[in-house]
Every structure is written in C-alpha cells, then in structure tokens.
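Topology and contacts: notes
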Amino acid sequence: MILRNIQNVEEQYPKKYKNSNIKDLFIKPKPKLPAHIIALNSLEDLRLKRLIENGRVKEYYSEISEIIREYLFGRFYISAIEMTTDEILSEVENVKDISNDSISLLDYILKNSDLVKFAKFIPDSYVSDKCMKNSIEFVNQTKPIEIVEEKKERKEAENV
C-alpha cells in the first residue's frame, strides 16, 4: 500500500524530479551560514595554508581578493566578483553601512592584491600580514550589527 502511494506521488511530480529520490525532496536543506562567517572561516583557512611562506604570493593575494569579493556579494549584494577594484570602491561608497575606515581597509586590500596579481609586485611579509589583518578587520567592521548584539547578550548571560 505504501509503495503504491509513493509511486503515485512520483507520477505527480514533474520530470525533473523523476530521477531523484523522493525522500530527498522533503528533507529540509541545511541553513546557509552568514556571509561574514564564511569569509572569516575562509580567511583562517587561507592563513593556515601558509602560501606566503611557500613562495606562492600571487595565489595568496588572489584568494584574499576572491574571499573579500564573495563577502561583498554575500553581505551587500554587490557583484564584486565581476568588477574591477575601482568599480567596487565606487559601489561600496554608496552603501550606508560601510564607514570610511572600512572603505580605506578595502582599498588597501584590493589595490595590493591587484599589484601582486597584475604588476608582479612582491610585497614583504609586513604587507602580507597587514592585508590579512585588514581583511579580517573589514569583515568584522561590516558584519550585521544584530549578530554582534546577540553574541554580547549570550556572553553576558553565560557570565551571570
């Protein structure tokens, strides 16, 4: 009886669902992580790869740039992946939630990344470390305020 009902249900669904398992259609997808958590995790993974120490400077800066561009898309819906650095900066200036300090951090990150990727600039370790710190700081400064307040409330509740 149950098998017959499943077959009837499968017949009712469009062809695109015919090859999929019927049980998969009713399972809730896992919720997506917020853009700032994805970006911070990606930056930490990049730091742990130690690309600078292995001489893969161009790859390091390409990944930093890509992480920040994806964060801008995920957080502010700016299609930064397809834009040049100047286009991104002009678009970011129009966003109310981003302060001038954050814009200057973004400017430093993207312009140094462009120098390494396109002008074959080889920065010293200080500049590389500063780019990573600026990236983390940029994400932390521009993440949604509600989430920061919720974390403070949880910490205060745990301390009591």
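So, how was this worked out
Residues numbered from 1 in each chain as written. Predicted model: local features only at pLDDT ≥ 70, side-chain atom pairs only at ≥ 80, totals over all residues. Heavy atoms only, no water. Helix = DSSP H or I, 4+ residues; strand = E, 2+ residues; numbered from the N terminus. Expected span 1.5 Å × (residues − 1). Buried < 20%, exposed > 50% of the residue type's maximum accessible area, 1.4 Å probe, protein only. Contact = heavy atoms within 4.5 Å. Polar contact = N/O pair within 3.5 Å; in protein donor to acceptor, adjacent residues only side chain to side chain. Axes fitted to C-alpha atoms, helices over the stretch in contact; angles between N-to-C directions. Parallel < 35°, antiparallel > 145°, perpendicular 65-115°, else oblique. Nonpolar A, V, L, I, M, F, W, Y, C, P; charged D, E, K, R; others polar. Salt bridge = Lys/Arg side-chain N within 4 Å of Asp/Glu carboxyl O. Phe/Tyr/Trp six-rings, centres within 6.5 Å; stacked < 30°, edge-to-face > 60°. Lys NZ or Arg CZ within 6 Å of the ring centre and 35° of its normal.

A look at helix H6 (residues 100-118)
Taking 1.5 Å of rise per residue, 19 residues should cover 27 Å, and H6 covers 26 Å from first to last C-alpha, within 8% of that figure. Of the residues making up H6, those classed as buried are Ser102, Ile103, Leu105, Leu106, Ile109, Leu110, Asn112, Ser113, Asp114, Val116 and Lys117. Where H6 is buried, its residues meet helix H4 (57-76), helix H5 (85-93) and helix H7 (125-142). Among the residues trailing H6, Lys120 stands out with phi positive, at a value near 55 degrees.

Observations concerning the side chain of Glu63
Summarising the element assignment, Glu63 is placed in helix H4. A polar atom in the side chain of Glu63 sits 3.1 Å from the side chain of Lys49. Those residues within four positions of Glu63 in sequence are excluded, and the remaining contacts are Leu46, Lys49 and Leu51.

Details of the packing of H4 against H7
At their nearest, the axes of H4 and H7 sit 11 Å apart, and the two run at 10 degrees to each other. With respect to H7, the axis of H4 lies roughly parallel. Between H4 and H7, the contacting residues are Tyr60, Tyr61, Ile64, Ile68, Tyr71, Leu72, Arg75 and Phe76 on the first element and Val127, Ser128, Cys131, Met132, Ser135, Phe138, Val139 and Thr142 on the second. Per-class residue counts for the contact of H4 with H7 are twelve nonpolar, three polar and one charged.

Some words on unusual backbone geometry
Unusually for a residue other than glycine, Arg50 sits at a positive phi of about 55 degrees. Positionally, Arg50 belongs in the loop between helix H3 (35-49) and H4. Given the relative accessible area of 46%, Arg50 is considered partly exposed. Of note, the phi angle at Lys120 is positive, near 55 degrees, even though the residue is not glycine. Topologically, Lys120 is positioned in the loop between H6 and H7. Here Lys120 falls in the exposed class, since its relative accessible area comes to 71%.

Let's talk about the side chain of Ser128
By the secondary structure assignment, Ser128 is in helix H7. Those residues in contact with Ser128 that sit more than four places away from it in its chain are Ile52, Tyr60, Tyr61 and Pro123.

Observations concerning the pattern of salt bridges
Enumeration over the complete set of coordinates arrives at five salt bridges. Glu53 is the salt-bridge partner of Arg50, the closest N and O atoms lying 3.2 Å from each other. Given the relative accessible area of 58%, Glu53 is considered exposed. Across the salt bridge formed by Arg56 and Glu59, the nearest N and O atoms sit 3.1 Å from each other. Using a relative accessible area of 40% as the deciding quantity, one classes Arg56 as partly exposed.

Description of the packing of aromatic side chains
For the structure shown, the criterion picks out three aromatic pairs. Ring geometry for Tyr71 versus Phe138: centroids 6.1 Å apart, planes at 85 degrees, classification edge-to-face. Here the residue Tyr71 occupies a position in helix H4, and Phe138 occupies one in helix H7, the gap between them amounting to 67 residues. A relative accessible area of 0% places Phe138 in the buried class. Here a set of aromatic residues connected by ring pairs shows up, and it is made of Tyr71, Phe76 and Phe138. Sitting over the face of the ring of Tyr108, Lys130 holds its NZ or CZ atom 4.8 Å from the ring centroid.

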